[in-house]
Amino acid sequence: NTDYYEKLIEKYLIGNQHKSIVVVSPKEGLTAKNEKELADRLAAYKAGLNREEIRQIVAETKALHELGVPSHIKGYQYIREGISIVYERPEIVGGITKELYPGIADISGPGVDSKQVEAAIRAVIGEAWDRRVVRVWGYYFPHYAGKKMEKPSNMEFISGIARFLELWRGCCEE
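Residues numbered from 1 in each chain as written. Predicted model: local features only at pLDDT ≥ 70, side-chain atom pairs only at ≥ 80, totals over all residues. Heavy atoms only, no water.

Chemist: Which residues make up the pattern of salt bridges, and what values go with them?
Modeler: One pass over the structure, following the stated rule, counts nine salt bridges. Among the ionic pairs, K33 bridges to E37, the shortest N-O distance being 3.4 Å. Here K33 and its partner E37 are both found in helix α2 (residues 30-47), four residues apart, which amounts to about one turn of the helix. According to the relative accessible area criterion, K33 is partly exposed, its value standing at 47%. Looking at E37, the relative accessible area reads 35%, which means it is partly exposed. With its nearest N and O atoms 3.5 Å apart, the salt bridge here joins E127 to R131. It is possible to trace a salt-bridge network through shared partners that takes in R89, E91 and E99. (Salt bridge = Lys/Arg side-chain N within 4 Å of Asp/Glu carboxyl O. Helix = DSSP H or I, 4+ residues; strand = E, 2+ residues; numbered from the N terminus. Buried < 20%, exposed > 50% of the residue type's maximum accessible area, 1.4 Å probe, protein only.)

Dropping the structure here:
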């Protein structure tokens, strides 16, 4: 039957008698109001950070940017959370599936589970790996020097960046 899809389209889309009208009308000043609220929340958040915490955020952002980690993908924020957790609690490295992923899911809010966190982190690392600059990756992951680099696991990536930041904090700050 060669017209199967045509009949479905006719029956359920074209011939459908149910209708819905949606009216979207702009609200004057809403964008400016939302931007001001966001700016106020960010300013309050920053005011609550000490100098070390601000430097940590800047260093994480720089590292992820240089490694080509795309910030528009959901897993980006999960990686940031993972780096922060491992940086503060390096012993969690052995409990990635039982502690780290569930911890990130809890921070991320309702509807997020540890499997989603793991998959999103893996996807972001895969994107970064596909567009990598070997010299830059070698800088952040020196144990790859002189070896054929293979894509790091989620924990290798997160713990590697956390370790780099720990070393950076210890030797390269003002």
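Chemist: Give me the lowdown on the environment of R51, citing residues and values where you can.
Modeler: Structurally, R51 can be placed in helix α3 (residues 51-66). Residue classification places R51 among the exposed positions, given a relative accessible area of 56%.

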